[in-house]
Amino acid sequence: MHRATREAWDEAAERYEGWFDEAVELIRSGGTNLLPPELELIGDLHGRCRRAIHLQCAGGRDTLSLWNAGAAEVVGLDFSPRMIDLARRLSDAVHAPATWIEADVLDTPHELDGTADLLYTGRGSLMWLQDLDAWAAVLRRLLAPTGRLVIFEGHPVEWLFDVGADGHWIATDYDYFAGPEASRGWAPEYIDTLSIPDDDQHWKFARAWTLGEIITALLGAGLHLDRVAEHSTDWWGGHADARPEEQGRIPLSFSVLGRLPSP
Ligand SMILES: C[S@@+](CC[C@H](N)C(=O)[O-])C[C@H]1O[C@@H](n2cnc3c(N)ncnc32)[C@H](O)[C@@H]1O
């Protein structure tokens, strides 16, 4: 499933390539693509983060936002060669101290073990993974002894709700406990149409891991969790047409702040 999903993401990189100039401008001007709840968790990294590692970094825009937040060096990892190429072009354009690694997150190279002062991931990452225990074990081995783990991710409950024509929430037919779903094509609010027609695109496999499964995987890897929070932040703009009085009623994202347990 990961192999198929990788092909689909490599196709979707086309959309990210279209955002390249905008991304260069954003990073060059010292800006950020991170959302307010993420900035609050990550804080000012100047003088306190030698290395930030971003897992599932896509085209590097969020990774380089960590550099703008003060990380001395950033490392981004993604399994799509086209995304990694794009990220490299972005860091070259802004002369950023960045290393890009093309790999499945479950095969993150061991040379990074114990080096993440900040380990960051999320924003549409976990749903593509099919083994959360293996993922959590990677997080554990990457963290530096005093490193912080920051996850900001889509809330699984988001899969259960959509916005109806009148701007009110309606239930989708998604089964919260069903496991991976195969699909082709992308949401119009995000990737939308590509030059390859939907029916000719690779299949991809996504699932809404439940909050219980995610937290249990993190605890099972021996991580210490300082905070788990749910947010109404519409992290990908997929529900922008909800009426103002409807926004804020449903958790659309969640965050985790974690670290290695004290010795
Ligand atoms: C929605 S993006 C992550 C959020 C990102 N910050 C952004 O700008 O959109 C998901 C990324 O995860 C990557 N990905 C999915 N499964 C992966 C895996 N098993 N290993 C490594 N990368 C993966 C995809 O290639 C894609 O670039």
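Residues numbered from 1 in each chain as written. Predicted model: local features only at pLDDT ≥ 70, side-chain atom pairs only at ≥ 80, totals over all residues. Heavy atoms only, no water.

**Concerning helix α4 (residues 61-68)**
Right, so step 1: Within α4, 6 of the 8 residues are buried, leaving the element largely enclosed by the surrounding structure.
Right, so step 2: Burial in α4 covers these residues: Arg61, Asp62, Thr63, Leu64, Ser65 and Leu66.
Right, so step 3: Once α4 ends, the next one or two residues include Gly70, with phi positive near 120°. (Buried < 20%, exposed > 50% of the residue type's maximum accessible area, 1.4 Å probe, protein only. Helix = DSSP H or I, 4+ residues; strand = E, 2+ residues; numbered from the N terminus.)

**Considerations on the pattern of salt bridges**
Right, so step 1: In total, this model carries 11 salt bridges according to the counting rule given.
Right, so step 2: Between Glu17 and Arg82 there is a salt bridge whose closest N-O contact spans 2.8 Å. One end of the pair, Glu17, is in helix α1 (residues 2-18); the other, Arg82, is in helix α5 (residues 81-94), and 65 residues separate them in sequence.
Right, so step 3: Overall, the relative accessible area of 27% leaves Glu17 in the partly exposed class.
Right, so step 4: What makes Arg82 partly exposed here is its relative accessible area of 29%.
Right, so step 5: Residue Glu245 is joined to Arg243 by a salt bridge in which the shortest nitrogen-to-oxygen separation is 3.3 Å. (Salt bridge = Lys/Arg side-chain N within 4 Å of Asp/Glu carboxyl O.)

**Digging into the site of the ligand**
Right, so step 1: Near the ligand there are 21 residues, and of these Tyr16, Asp62, Asp78, Val105 and Tyr190 occur at the shortest range.
Right, so step 2: The fraction of the free accessible surface of the ligand (590 Å²) that becomes covered by protein chains is 96%.
Right, so step 3: Residue classes in the shell around the ligand are distributed as 10 nonpolar, 7 polar and 4 charged. (Near = heavy atom within 4 Å. Areas by Shrake-Rupley, 256 points an atom, 1.4 Å probe, with all protein chains shown as cover. Nonpolar A, V, L, I, M, F, W, Y, C, P; charged D, E, K, R; others polar.)

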